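Spelled out, the chains give:
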Amino acid sequence: MSGKVAARKEALRVKLVDLAEAQIGKGGLRSVKARDLAKEAGCALGAIYNAFDDLQALFMAVNGRTFQRLGFAVAQSVEDVQAGPNERLIIMSEAYLGFAAENTNLWRAMFDLEMSTDDEVPNWYLVALAGLFENISRPLSEIYPDMDAESLDLMTRSLFSSVHGIVLLGLEKRISGVPPEKIKTMISMLLSQIS
């Protein structure tokens, strides 16, 4: 592939990710249609599949960006904070909630994309996810300094799943959740009990 062809392909990839990200942000993952995307990008329908293997790969690229933005928001929330580990976990969870509330469709797309641990997941996607988990594991390693790495990873994922579930049920106003104005309180109650 010549340099010009590769540059055009990369430019189209970026444009498609930008357009898909905007569409998902407005209408959710299911709102993205390949034909509409091609029309908006000013390319043939087949050009999408030259740039990405399929729409799943395009959605993964959007989700990778979202994971990076989410990880950055969570990390930034405690960057200059002088607080104990439980307090930092609470601050980060509030940043997580804020991101989810402000970017609900993009946030939901990260978890609505049908993907399992059996699927082949690109390394860059795993790196973005690991970055988010590292933000959680740092204060947890202070709370549990003698915990081995495998147990710390499991605890990190458990805590993430707990907070994520509270946020999801609250933002969706599910009967099993709490009203949106009580989500922070519920998360704080959970995280302040970790010792």
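Residues numbered from 1 in each chain as written. Predicted model: local features only at pLDDT ≥ 70, side-chain atom pairs only at ≥ 80, totals over all residues. Heavy atoms only, no water.

1. Here's the deal with the overall build of the chain
Part 1: Secondary structure assignment for the chain yields 9 helices and 0 strands.
Part 2: Ordering the α and β elements of the chain from the N terminus gives α-α-α-α-α-α-α-α-α.
Part 3: Its C-alpha atoms give the chain principal-axis dimensions of about 55 × 35 × 35 Å.
Part 4: A burial count over the chain gives 38% of its 195 residues as buried.
Part 5: Across the chain, the fraction of contacts at a sequence separation of at least 24, relative to all contacts at a separation of at least 6, is 69%.
Part 6: By element, 53% of the accessible surface of the chain is carried by carbon and sulfur atoms, the whole surface being about 11200 Å².
Part 7: Treating the 20 positive side-chain charges of the chain as one cloud and the 25 negative ones as another, the clouds have centres 11 Å apart. (Helix = DSSP H or I, 4+ residues; strand = E, 2+ residues; numbered from the N terminus. Buried < 20%, exposed > 50% of the residue type's maximum accessible area, 1.4 Å probe, protein only. Contact = heavy atoms within 4.5 Å. Areas by Shrake-Rupley, 256 points an atom, 1.4 Å probe, with all protein chains shown as cover. Lys, Arg positive; Asp, Glu negative; His and termini not counted. Charge placed at Lys NZ, Arg CZ, Asp CG, Glu CD.)

2. So, the nonpolar core
One broad rule of soluble globular proteins: the nonpolar side chains tend to lie buried together.
Part 1: With 57 residues, the main nonpolar core has L16, L89 and V167 as its most contacted residues.
Part 2: Residues in contact with L16, not counting those within four places in the same chain, are L37, A41, I48, A51, F52 and L58. (Core = buried A, V, L, I, M, F, W, Y, C linked by side-chain atoms within 4.5 Å.)

3. Focus: the environment of F160
Part 1: With respect to the element layout, F160 can be found in helix α8 (residues 149-171).
Part 2: A relative accessible area of 11% means that F160 is categorised as buried.
Part 3: For F160, the contacting residues outside a window of four places in its chain are Y96, F111, L132, F133 and I136.

4. Quick look at the packing of helix α5 (residues 85-102) against helix α9 (residues 183-192)
Each pair of packed helices can be described by the angle between their axes along with the distance between the axes.
Part 1: Look at α5 against α9: their axes get within 9 Å of each other, and the N-to-C directions meet at 150 degrees. Put simply, α5 runs roughly antiparallel to α9. The crossing of α5 and α9 is right-handed. On the side of α5, the interface is formed by N86, L89, I90, S93, E94 and L97, while α9 contributes I183, K184, I187, S188, L191 and S192.
Part 2: For the contact of α5 with α9, the per-class residue count stands at 6 nonpolar, 4 polar and 2 charged. (Axes fitted to C-alpha atoms, helices over the stretch in contact; angles between N-to-C directions. Parallel < 35°, antiparallel > 145°, perpendicular 65-115°, else oblique. Left-handed = near helix turned anticlockwise from the far one by under 90°. Nonpolar A, V, L, I, M, F, W, Y, C, P; charged D, E, K, R; others polar.)

5. Focus: the side chain of E21
Part 1: Here E21 is to be found in helix α1 (residues 3-27).
Part 2: Among the residues examined, E21 registers a relative accessible area of 16% and is labelled buried.
Part 3: The residues touching E21, leaving out its near neighbours within four places in the chain, are V62, R65, R69 and L106.

6. Structural notes on the pattern of salt bridges
Part 1: Tallied over the full model, the rule gives 8 salt bridges.
Part 2: A salt bridge links R65 to D18, with the nearest nitrogen and oxygen atoms 2.7 Å apart. Taken together, the residues span a long stretch of sequence, with R65 in helix α4 (residues 55-77) and D18 in helix α1 at a distance of 47 residues.
Part 3: Residue class for R65 comes out partly exposed when judged on its relative accessible area of 26%. (Salt bridge = Lys/Arg side-chain N within 4 Å of Asp/Glu carboxyl O.)

7. A few points about the packing of α5 against α8
Part 1: Running from N to C, α5 and α8 cross one another at 40 degrees; their axes reach a closest spacing of 11 Å. The angle between the axes of α5 and α8 places the two elements in the oblique class. Along this stretch, α5 crosses α8, giving a crossing that reads as right-handed. Touching L89, S93, Y96, L97, A100 and A101 of α5 are L159, F160, V163, H164, V167 and L171, all from α8.
Part 2: Split by residue class, the contact of α5 with α8 holds 10 nonpolar, 2 polar and no charged.

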